[in-house]
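Letter by letter, the chains look like this.
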Number of protein chains: 2
Amino acid sequence: MPETYEELKLENQLCFPLYACAKEVVRQYRKPLEEFNLTYTQYIVMLILWEYGDMSEGQLGEKIHLESGTLAPLLKRLEKSGYISRSREKNNERRLAISLTKEGLALKEKIRQVPEKIHGCIPLPDEDLILLRALLNKVLDKMNNKEKEID
Amino acid sequence: MPETYEELKLENQLCFPLYACAKEVVRQYRKPLEEFNLTYTQYIVMLILWEYGDMSEGQLGEKIHLESGTLAPLLKRLEKSGYISRSREKNNERRLAISLTKEGLALKEKIRQVPEKIHGCIPLPDEDLILLRALLNKVLDKMNNKEKEID
DNA sequence: CTCCATATTATTGCGCACAATTATATCGTG
DNA sequence: CACGATATAATTGTGCGCAATAATATGGAG
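What you are looking at is a predicted structure, and each value in this text was computed from that prediction instead of being measured.

So, how was this worked out
- Residues numbered from 1 in each chain as written.
- Chains lettered and ligands numbered in written order.
- Predicted model: local features only at pLDDT ≥ 70, side-chain atom pairs only at ≥ 80, totals over all residues.
- Heavy atoms only, no water.
- Near = heavy atom within 4 Å.
- Polar contact = N/O pair within 3.5 Å; in protein donor to acceptor, adjacent residues only side chain to side chain.
- Least-squares fit on C-alpha atoms with pLDDT ≥ 70 in both.
- Contact = heavy atoms within 4.5 Å.
- 1 Å grid on protein atoms, 1.4 Å probe; cavity = no way out; pocket = protein on both sides within 12 Å on 5 of 7 lines; lining within 4 Å.
- Points joined across faces, edges and corners; volume = space filled by probe spheres on them.
- Helix = DSSP H or I, 4+ residues; strand = E, 2+ residues; numbered from the N terminus.
- Nonpolar A, V, L, I, M, F, W, Y, C, P; charged D, E, K, R; others polar.
- Phe/Tyr/Trp six-rings, centres within 6.5 Å; stacked < 30°, edge-to-face > 60°.
- Buried < 20%, exposed > 50% of the residue type's maximum accessible area, 1.4 Å probe, protein only.
- Lys NZ or Arg CZ within 6 Å of the ring centre and 35° of its normal.
- Buried area = accessible area lost by both parts, 1.4 Å probe.
- Salt bridge = Lys/Arg side-chain N within 4 Å of Asp/Glu carboxyl O.

**Q** Break down the protein's contact with DNA strand D for me, with residues and values.
**A** Near DNA strand D, the surroundings consist of 27 residues, among which A:Arg77, B:Glu57, B:Gly58, B:Ser68 and B:Lys76 are the closest. Near the protein, within 4 Å, the atoms of DNA strand D are sugar or phosphate in 76% of cases. In this structure, a phosphate oxygen belonging to DNA strand D sits 3.2 Å away from a side-chain N or O atom of A:Thr39. Here a phosphate oxygen of DNA strand D and a side-chain polar atom of B:Lys76 are 2.7 Å apart.

**Q** Tell me about the relation of the copies chain B and chain A, and please be specific about residues and values.
**A** When chain B is fitted to chain A, the best match, at an RMSD of 0.0 Å, comes from turning it 180° and sliding it 0.0 Å along the axis. In the structure described here, the two chain copies are related by an operation that fits a two-fold rotation axis. Comparing interface residues between copies, 100% of those in chain B also lie at the interface in chain A; the contact surface is shared.

**Q** I'd like to hear about the layout of surface pockets, residue by residue, with values.
**A** Approximately 1,500 Å³ is the volume found for the largest pocket. The wall of the largest pocket is formed by 41 residues, among which A:His65, B:Phe16, B:Tyr19, B:Lys23 and B:Glu24 lie closest to the centre. Elements with a minimum of two residues in the lining of the largest pocket: helix H1 (15-34), helix H2 (40-52), helix H3 (57-64), helix H4 (68-80) and helix H7 (126-150) of chain A together with helix H1 (15-34) and helix H2 (40-52) of chain B. The leading source of residues in the lining of the largest pocket is H1(B), at 9 residues.

**Q** Lay out the side chain of A:His65 in plain terms, naming residues and giving numbers.
**A** Here A:His65 is to be found in the loop between H3 and H4. A polar contact is formed between the side chain of A:His65 and the side chain of B:Glu24, at a distance of 2.6 Å. Each residue touching A:His65, except ones within four places of it in the same chain, is listed here: A:Leu140, A:Asn144, B:Ala20, B:Lys23 and B:Glu24.

**Q** Now, about the protein's contact with DNA strand C: what can you tell me, with residues and values included?
**A** Around DNA strand C, a shell composed of 27 residues is seen, among which A:Glu57, A:Ser68, A:Lys76, A:Arg94 and B:Arg77 lie nearest. For DNA strand C, the fraction of protein-proximal atoms (within 4 Å) that sit in sugar or phosphate groups is 76%. Here a base nitrogen of DNA strand C sits 2.5 Å away from a polar atom, N or O, in the side chain of A:Ser68. Contact distances for DNA strand C include 3.5 Å between a sugar or linking oxygen and a side-chain N or O atom of B:Arg94. Elements that contribute at least two residues to the surface near DNA strand C include exactly H1, H3, H4 and strand E2 (84-88) of chain A together with H2 and helix H4 (68-81) of chain B. When grouped by side-chain class, the residues that make up the surface near DNA strand C number 5 nonpolar, 11 polar and 11 charged.

**Q** Could you give an account of the packing of aromatic side chains, naming the residues involved and the relevant values?
**A** Summed over all chains, the structure comprises 8 aromatic pairs over all chains. Considering the side-chain rings of B:Tyr29 and B:Tyr43, the 5.5 Å spacing of their centres and the 40° angle between planes classify their relative orientation as tilted. With B:Tyr29 in helix H1 and B:Tyr43 in helix H2, this residue pair connects regions lying 14 residues apart in the sequence. Of the two residues, B:Tyr29 and B:Tyr43, neither departs from the other in class, the shared state being buried. Each residue in the set A:Phe16, A:Tyr19, B:Tyr29, B:Tyr40 and B:Tyr43 is aromatic and connected to the rest through ring pairs, giving one cluster. It is A:Lys63 that lies over the ring of A:Tyr52; its NZ or CZ is 4.1 Å from the centre.

**Q** I'd love a proper account of the interface of chain B and chain A, names of residues and values included.
**A** Listed per partner, the contact involves 62 residues of chain B and 62 residues of chain A. Carbon and sulfur atoms supply 70% of the area buried between chain B and chain A, which totals about 6,300 Å² over both sides. Between the two partners, chain B and chain A, sit 4 salt bridges. We note a salt bridge from B:Arg112 to A:Glu7, for which the minimum N-O separation is 2.6 Å. Counting the contacts that link chain B with chain A gives 15 residue pairs in polar contact (both at pLDDT 80 or more). Elements represented by at least two residues in the side of chain B that touches chain A include exactly H1, H2, helix H3 (57-64), helix H5 (102-110), helix H6 (113-121) and helix H7 (126-150) of chain B. Counting residues per element, the side of chain B that touches chain A draws most heavily on H7(B), at 15 residues. For the side of chain B that touches chain A, the residue count by class is 37 nonpolar, 7 polar and 18 charged.

In short, the description is geometric, and any link to function would need to be established separately.
Structural data, given as structure tokens:
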């Protein structure tokens with residue numbers, strides 16, 4: 001009986017399409033974000049701040065699934081770009097308060113066209129996109145809950 | 001009429017769950033791959049070589065969606081680990097031939113348990129996983145074809 | 001109040017990712 | 001053959017991502 005190693009084939013794994021797809025989508029965002037001087041990850045940070053308001057670095061890290069090793073320098077760059085300000089919280093000087101600047105808030109209006117542009121680049125009917133999004137959100141939800149159970 | 005910026009909410013976008021999910025999955029792979037001295041991307045390279053056989057750096061790059069800027073140093077590290085060898089093709093010295101070593105081939109047998117382990121970490125019923133995989137592969141397929149149309 | 005444990009962020013080191021550039025080999029045309 | 005165009009890979013510079021560690025602030029027990 002020949003050995004086919006089915007479980008190692010790319011087509012039969014989730015890891016590769018997820019990896020490749022994520023990279024492709026990030027690539028699509030590069031150009032439209034360029035004019036705003038934002039990287040993809042910085043853009044996600046801005047989305048979070050717009051939606052949930054100012055918060056500490058740690059809270060931000062939880063939402064975006066990033067540690068301070070990545071977030072700390074990234075936030076410094078966002079501050080340099082003028083979109084956020086970094087300051088210690090008065091009540092607890094360990095915490096770093098991340099606040100939107102006036103420019104950061106104003107960006108929200110200017111950048112609205114971007115998701116629309118990207119949407120046009122992803123070659124799948126809307127119903128498939130909705131399904132895909134739902135499945136991915138489901139995985140994230142369950143993974144988040146799993147982590148909390150361990151605590 | 002209040003402005004809700006629906007199109008900028010995380011839940012309504014594909015980009016964020018895709019980004020976060022991909023990161024989480026890569027994270028799951030880190031530990032099981034550690035004992036083989038492989039990173040996630042190196043693991044994908046090995047999967048490609050096992051499935052399709054030896055090829056040039058450029059061909060590999062097409063399959064994994066990576067440029068030489070990433071691939072060149074990564075392949076040097078894989079060579080250092082003993083899993084592949086790098087040599088110029090006789091017929092065309094511009095091309096870098098990537099071949100599996102004996103250790104690289106042997107690894108295939110040892111590593112078979114890994115996908116199984118990961119599968120257990122992704123908290124979704126099998127039918128959802130199959131659907132998710134199919135949707136992601138569909139996006140990749142269409143994006144690949146789109147690129148080719150441009151040429 | 002002191003001291004130790006904990007919380008929070010920053011730093012360092014390594015590897016991935018990519019754009020831009022450089023280096024080298026090959027190919028085609030005169 | 002010579003020379004410019006193209007193909008292929010390597011290098012450089014910047015930023016993301018993470019583990020490990022360091023630095024600083026807070027809180028609690030005695």
